[in-house]
Amino acid sequence: MNKKQFWIWLLAAVMVLPLGAQKKLTNQLVWASNEFGASSIAGLNSMNDGIHYTAIVDSDLYGQRIARCSYETGDTVGYIASSADIFNDPKRGFDDYQFSDDEKYILITTGTEPVYRYSFKAQFYVYDIEGKKTIPVADESRGKQMLATFSPQGDKVAFVRDNNLFYVDLKSRREVQVTTDGEWNKIINGAPDWVYEEEFALVRAFEWSPAGDRLAYIRFDESRVREFSMDMYGELYPEPYTFKYPKAGEENSKVSVYVYDLNSKANLAVDIGTEQDQYIPRIKWSNSNEGLCVMRMNRHQNKLDFLLTDLSIRDPFKIPTRTIYSETANTYIDISDNLKFLADGKTFLWISERDNYNHIYVFDFNGKVVHQVTSGNWDVIDFYGVDAKGIAYYSSSEVSAIEKHIYSISLTPSKKSTKQKLSSRKGTNDATFSKTMRYFIGMNSQANTPVFITLNDNKGKQIRILEDNKALVSRLSQYKLATKEFFTFKNSAGVDLNCWMMKPADFNPNQKYPVLVAIYGGPGSNTVGDSWGGRNYMWYQLLCQEGYIVVSCDPRGTMNRGREFKHSTYMNLGKLETEDFIDFAKYLGSQTYIDKNRIGMQGWSYGGYMTSLCMTKGADYYKAGIAVAPVTNWKYYDSIYTERFLRTPQENSGGYENNSPINFVDMMKGKFLLVHGSADDNVHYQNTMDMITALVKANKQFDLFIYPNKNHGIYGGNTRLHLFTMMTEFLEENL
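Nothing here was measured: the structure is a model prediction, and the numbers come from that model.

(A) Fine view of the overall build of the protein chain. Scanning the protein chain for helices and strands turns up 13 helices and 44 strands. Relative to the compact-globule value of 27 Å for 735 residues, the protein chain shows a C-alpha radius of gyration of 28 Å, a close match. C-alpha extents for the protein chain along the principal axes are approximately 95 × 70 × 65 Å. The burial tally for the protein chain puts 55% of its 735 residues in the buried class. Residue pairs at least 24 apart in sequence account for 56% of intrachain contacts in the protein chain once pairs closer than 6 positions are excluded. As presented, the protein chain carries roughly 31700 Å² of accessible surface, and 48% of it is formed by carbon and sulfur atoms.

Structure (structure tokens):
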């Protein structure tokens, strides 16, 4: 080699070095390291003045510290409390904190023990900021508490312990027991039962009145709800865990509402009607100390009433109510926390799908529409609040069903033109507003870009960048990554469905690739959105690296496209979605670069249900499937969720039987991996056990893996690494 040839060779080597130096993705990197962890902003609490917030910072000398910071500059302007102040021990940490309304006291949460999806038990303490004193909320020897909450005046804390409601007077340190009939698996006061927590996202079932002299609470009588039991392994004899779980068509808790008067010690029932088989998904005080609003819903979940009390009427037997709003639907009505009583004392704000799209309305106390605040062929997604000037802040799908943007609009009809779009970056935008709505922390992400966090004023102007995730972007640049691309395809019914596709970075259009369809497909949760996908996204990147194309599709029944689209699956849950995924497989197979004989599917929960249906009803189109924690028979799932979409098995047997995978296992042809956690309190392991029975009866071979003592999330330690390594190897062997 002469000198000239050497330099040409060296130049060529240098030019290809960056490509050759690209790092290789592994499941170890994706699931057992923080290589792809995005930085975020957490633990921020707005202060009353609306110009400061608090955040937890760590200090070697003081331990955890609650810092007071400026929204405008981000500078720390002081420290409110620390571990050294609260516990006289800088090494002792705390899990969470909340201020009293007057910001004189802090409620400290320690020793958190999860119960179900949202609920937990903990030890709570109150820290007096000025007096620099700490007291436990309750006698620690009596066990941990749940749902500890300050009264509006900050002089009392209410909590639930052993299924009973209590409050403690912080000045006298006197503990008062409001209810006495609480009993495990029988009566719950002030906290929801399992199904309310899971399906209505009701976490706390008690509320202080504005004057802090009354406690309203929901009482759940689950005596007649049937029990479900799970064995917990690890000891010589497995320990059974038994809890009340109402399955579709079975008995629910009987609910009632009470108001306890702290002064008279009277505990009176609220008149919610004579119907026993109904739901009370929310209670909320109006701006009046006399007015408690009770949301009442029938079992079909297609009629919603707002009942308002007038506690100035003295009735020694029952607190009277009147209906101030009613809404009905042919299908179902979604419950939210978006009820807001407005400052005029005569109107309230509620978000409804009554015009086929989810929009903001103002109603009077006779249930009449005063003003439809938003309108258009798009859905309001989140409602953030209203400021002192009557400006409402919300997010919506107005730009696109796969994007979310932040807006403001006046509640005054004559100022309808005041609507402003506050988010400027494409993709998915979320906001956390200060208490006065003067500022918001904006969180933006896109399909191929991690979270970008900014501080903005309420006009949308960016004040400063809080987190740009440059470090993660830099790490990502060291890998040869695929680009997630969005597209639509038209199903056989003529409906355009939103999809995305990730092709290998070295994609060759003349080559035929195997495809994994990664899906969820159920009501209220989309997989096709222009947002950062975290570890799942990186796992899809790993599959692309291994030569797979990864795709996803939102079938009929998913959200952000209006009521008609979302409710189209009513009474036949699973039918239209399966048809859409079969159409999707046909569409994929028609692409010149896809091997139509190597299309697989993977999904979790509802996605596992869809995978099971597509591996049976769609067996001619899907070669391999991975169903994690799937529903296999809707009769085994809970009452509130299942009946919302299907009604009861007694009313709609065809809707249950015609779309439950266990009834179609004889159609299965491809390779099937079934995965479940044995302690899944949500989608019970029973679903998989009965699927196994059906598969064996039909003499269908399959793979199975059970994670002992793991719940619906199947996580902890190396669990996710093990699971996704197994799924990767299954696809490599069978697709």
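(B) Up close: the packing of helix 8 (residues 575-589) against helix 9 (residues 606-614). At a minimum axis separation of 10 Å, helix 8 and helix 9 run at an interaxial angle of 65 degrees. Where helix 8 crosses over helix 9, the handedness of that crossing is right-handed. Residues Glu577, Thr578 and Phe581 of helix 8 form the contact with helix 9, whose own contacting residues are Tyr606, Met610, Leu613 and Cys614. Looking at the contact of helix 8 with helix 9 residue by residue, the classes come out as 5 nonpolar, 1 polar and 1 charged.

(C) Representation of the side chain of Gln278 within the structure. As for its placement among the helices and strands, Gln278 is situated in strand 20 (residues 278-285). Within the structure, the side chain of Gln278 is placed 3.2 Å from the backbone oxygen of Glu275, a separation counted as a polar contact. With residues up to four places along the chain from it excluded, the contact list for Gln278 reads Tyr196, Val255, Ile272, Arg296, Met297 and Arg299.

(D) Fine view of the packing of helix 6 (residues 534-545) against helix 13 (residues 719-734). Between helix 6 and helix 13, the shortest axis-to-axis distance is 12 Å and the interhelical angle comes to 30 degrees. In this view, helix 6 runs roughly parallel relative to helix 13, as classed from their interaxial angle. Crossing handedness for the pair helix 6 and helix 13: right-handed. In contact with Asn536, Trp539, Leu542 and Leu543 of helix 6, helix 13 contributes Phe724, Met727, Thr728 and Leu731. Residues that form the contact of helix 6 with helix 13 fall into these classes: 6 nonpolar, 2 polar and no charged.

(E) Examining the sheet that holds strand 42 (residues 624-628) more closely. One open sheet accounts for 8 strands, arranged 37-38-40-39-41-42-43-44; its pairing is mixed. At either end of the open sheet lies a strand with only one pairing partner, and these are strand 37 (484-490) and strand 44 (703-707). Averaged over all pairs of adjacent strands, the angle between strand axes in this sheet comes to 20 degrees, irrespective of strand direction. Two elements, strand 39 (residues 513-519) and strand 41 (residues 594-604), share 6 bridges in a ladder whose sense is parallel. Residue pairing for strand 41: Leu516 is matched across the bridge by Gly600. Each of strand 37, strand 38 (496-502), strand 39, strand 40 (549-553) and strand 41 touches helix 6; the most contacted strand, strand 38, lies at about 65 degrees to it.

(F) Layout of helix 10 (residues 639-646). The buried fraction of helix 10 is high, at 8 of 8 residues. Looking at the buried residues of helix 10, the elements they touch are helix 4 (194-199), strand 20, helix 9 and helix 11 (653-657). If you check the start of helix 10, you find a side-chain oxygen 3.2 Å away from the backbone N of Ile640, and it comes from Asp638. With its phi angle positive at about 60 degrees, Arg647 sits one or two positions after the end of helix 10.

(G) Summary view of the pairing of strand 4 (residues 76-82). Here 5 bridges tie strand 3 (residues 63-70) to strand 4, and the two strands are oriented antiparallel to one another. Residue Ala67 lies in a different strand from strand 4, and its bridge partner there is Tyr79.

(H) Here's a closer look at helix 8. If you check helix 8, its first and last C-alpha atoms are 21 Å apart, about what 15 residues at 1.5 Å a residue would give, namely 21 Å. Counting buried positions along helix 8 gives 11 out of 15 residues, so the element sits mostly inside the fold. Residues of helix 8 that are buried include every one of Leu576, Glu577, Thr578, Asp580, Phe581, Ile582, Asp583, Phe584, Ala585, Leu588 and Gly589, and no others. Against the buried residues of helix 8 lie strand 37, strand 38, strand 39, strand 40, strand 41 and helix 9.

Here is what the cut-offs are and how they apply
- Residues numbered from 1 in each chain as written.
- Predicted model: local features only at pLDDT ≥ 70, side-chain atom pairs only at ≥ 80, totals over all residues.
- Heavy atoms only, no water.
- Helix = DSSP H or I, 4+ residues; strand = E, 2+ residues; numbered from the N terminus.
- Rg over C-alpha atoms; globule rule 2.2 N^0.38 Å.
- Buried < 20%, exposed > 50% of the residue type's maximum accessible area, 1.4 Å probe, protein only.
- Contact = heavy atoms within 4.5 Å.
- Areas by Shrake-Rupley, 256 points an atom, 1.4 Å probe, with all protein chains shown as cover.
- Axes fitted to C-alpha atoms, helices over the stretch in contact; angles between N-to-C directions.
- Left-handed = near helix turned anticlockwise from the far one by under 90°.
- Nonpolar A, V, L, I, M, F, W, Y, C, P; charged D, E, K, R; others polar.
- Polar contact = N/O pair within 3.5 Å; in protein donor to acceptor, adjacent residues only side chain to side chain.
- Parallel < 35°, antiparallel > 145°, perpendicular 65-115°, else oblique.
- Pairing = 2+ DSSP bridges.
- Expected span 1.5 Å × (residues − 1).

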